[in-house]
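Residue-level structure breakdown
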Amino acid sequence: MVQTSNDQLAILGGQPTRSELLPYGRQWIDDTDIESVIQTLKSPFLTQGPRIKEFENSVAQYVGAKYAVSFSNGTAALHGACFAAGIGEGDEVITTPMTFAASANCVRYCGGTVVFADIESDTYNIDKFKIKSLLTPKTKAIIPVDFTGQPADMDEIMELARDRNLVVIEDAAHSLGADYKGRKVGSIADMTMFSFHPVKHVTTGEGGIITTNSLEYYEKLLLFRSHGITRDKDLLEHKNEGDWYYEMHELGFNYRITDIQAALGSSQLSKLDGFVARRKAIAQQYNEAFAMNATLITPFQKSDRESSWHLYIIQLKLDELKVGRKEVFDALRKENIGVNVHYLPVHYHPYYKNLGYEKGIADVAETLYQGIISLPLFPAMLDSDIQDVVNAVEKVLGYYRRT
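All of these numbers come straight from a predicted model, not from anything done at the bench. (Residues numbered from 1 in each chain as written. Predicted model: local features only at pLDDT ≥ 70, side-chain atom pairs only at ≥ 80, totals over all residues. Heavy atoms only, no water.)

**A short note on the sheet that holds strand β14 (residues 312-316)**
- Strand order in this open sheet of three strands is β12-β14-β15, and the pairing throughout is antiparallel. Two strands lie at the open edges of the sheet, namely β12 (296-297) and β15 (372-375), each paired on one side alone.
- Where β14 meets β15, four bridges bridge the pair, whose relative direction is antiparallel. Each bridged residue has a counterpart across the sheet, and for I314 the counterpart in β15 is I373.
- On top of the sheet, helix α9 (residues 272-290) reaches β12, β14 and β15; it is set at about 20° to β14, its chief contact. (Pairing = 2+ DSSP bridges. Helix = DSSP H or I, 4+ residues; strand = E, 2+ residues; numbered from the N terminus. Contact = heavy atoms within 4.5 Å. Axes fitted to C-alpha atoms, helices over the stretch in contact; angles between N-to-C directions.)

Listed below in structure tokens is the structure:
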């Protein structure tokens, strides 16, 4: 049968499914967000003012943590968490290779050694059994990542950590608003990082935060994000110098967030539950649409947790297709569907290869990487956008399916 221009792939000269590119993720800013920023711009404080603490308190309250410390971005927040955990030369930290590089880089910033544990074949989260097999006397911390928004097996990971006096830093860049066994992510690990990049659940432009129930970690995080400098009289070595006086106690960084960003974040946070509900609804529409498609695998979700659906990732059944992931990816892009791939395994990056990490250390993650594609998923998507994605996926995979 000869295809018409309507069902011929755009990459082969046919009509694209959409006239304009649909990105894989995008912020949703409304007039209340804009007004919140405007009011801050008119205020006496653009940075180091009251909006920052207000935002931090709101996040801590939402997730059920005692404290929250905001940072200029999520990577800076992870760096701060590793500092607070005392990670340094000779320390090993276990994390997953199926993540953005920052989950490992934060360890390197502090001089630690990254140990990659393979992932589960169904959730794509770090495998708790692989973590256990990699523990050594040098292990100082574990950094589980809530991949795509589904929480990792935190109870088991926390138990492993408690038995060996390890610190758990949950990389929850994907999972703000997610639930783990009836608890909000952000109150379970020793420290939890959330990201506020524009493609995440709420945005501050750039930004990140650490939530914790530890006063010790809280104070270290505050010190670290602002040059290692304190004005707290209880901490000063010289307490009677005057109100102008401050001391630098650590080699910290300038990782502060601004009041402008915090104002946007506070406004966005008030919409978080609605954003997450819409993400769940979109994911459900995808699940139903692709349920009978023999060329792909839809995301698996464990029954005792609720993902906040940062990403919707399909796994191609490459043995059912005549081409590889690249050809499918390129064809979907030509249909104006802004697919992406999350992620290149961290140990594949030249920096880590040069440190001696080799392919073969994480078979499940490495095999998975060959066939995954992220579909567009963000709250501002219309139902017609969702249908465009479904139509394009069916069109492309139908053309490339083995007969």
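**A short note on the packing of aromatic side chains**
- The full count for this structure, using the stated rule, is 20 aromatic pairs.
- Relative to Y352, the ring of F116 has its centre 5.9 Å away and its plane inclined at 75°; by these criteria the two rings are edge-to-face. Placement of F116 in strand β3 (residues 113-116) and of Y352 in helix α11 (residues 350-354) is noted, with a sequence separation of 236 residues between them. Each member of the pair, F116 together with Y352, is buried.
- With 5.9 Å between their ring centres and 85° between their planes, Y348 and Y369 make a pair best called edge-to-face. Of the two residues, Y348 sits in the loop between α10 (325-334) and α11 while Y369 sits in helix α12 (residues 363-369), which places them 21 residues apart along the sequence. Of the two residues examined, Y348 and Y369, each falls in the buried class.
- A connected cluster of aromatic rings, assembled from ring pairs, spans F83, F224, F253 and Y255.
- Directly above the ring of Y348 sits K359, whose terminal nitrogen or CZ lies 4.6 Å from the centroid. (Phe/Tyr/Trp six-rings, centres within 6.5 Å; stacked < 30°, edge-to-face > 60°. Buried < 20%, exposed > 50% of the residue type's maximum accessible area, 1.4 Å probe, protein only. Lys NZ or Arg CZ within 6 Å of the ring centre and 35° of its normal.)

**Side note on the state of the cysteines**
- Scanning the model with the defined rule gives zero disulfides in all.
- Sulfur of C82: no disulfide; nearest cysteine sulfur belongs to C106 and is 3.6 Å away. (Disulfide = S-S within 2.5 Å.)

**Remarks on the pairing of β3**
- Looking at chain direction, strand β2 (residues 92-95) and β3 are connected through four bridges and run parallel. Across the sheet, the residue bridging to T95 is F116, located in β3.
- Read as a crossover between parallel neighbours, the route from β2 over helix α4 (residues 102-109) to β3 is right-handed. (Right-handed = clockwise from strand over helix to strand, strands pointing away.)

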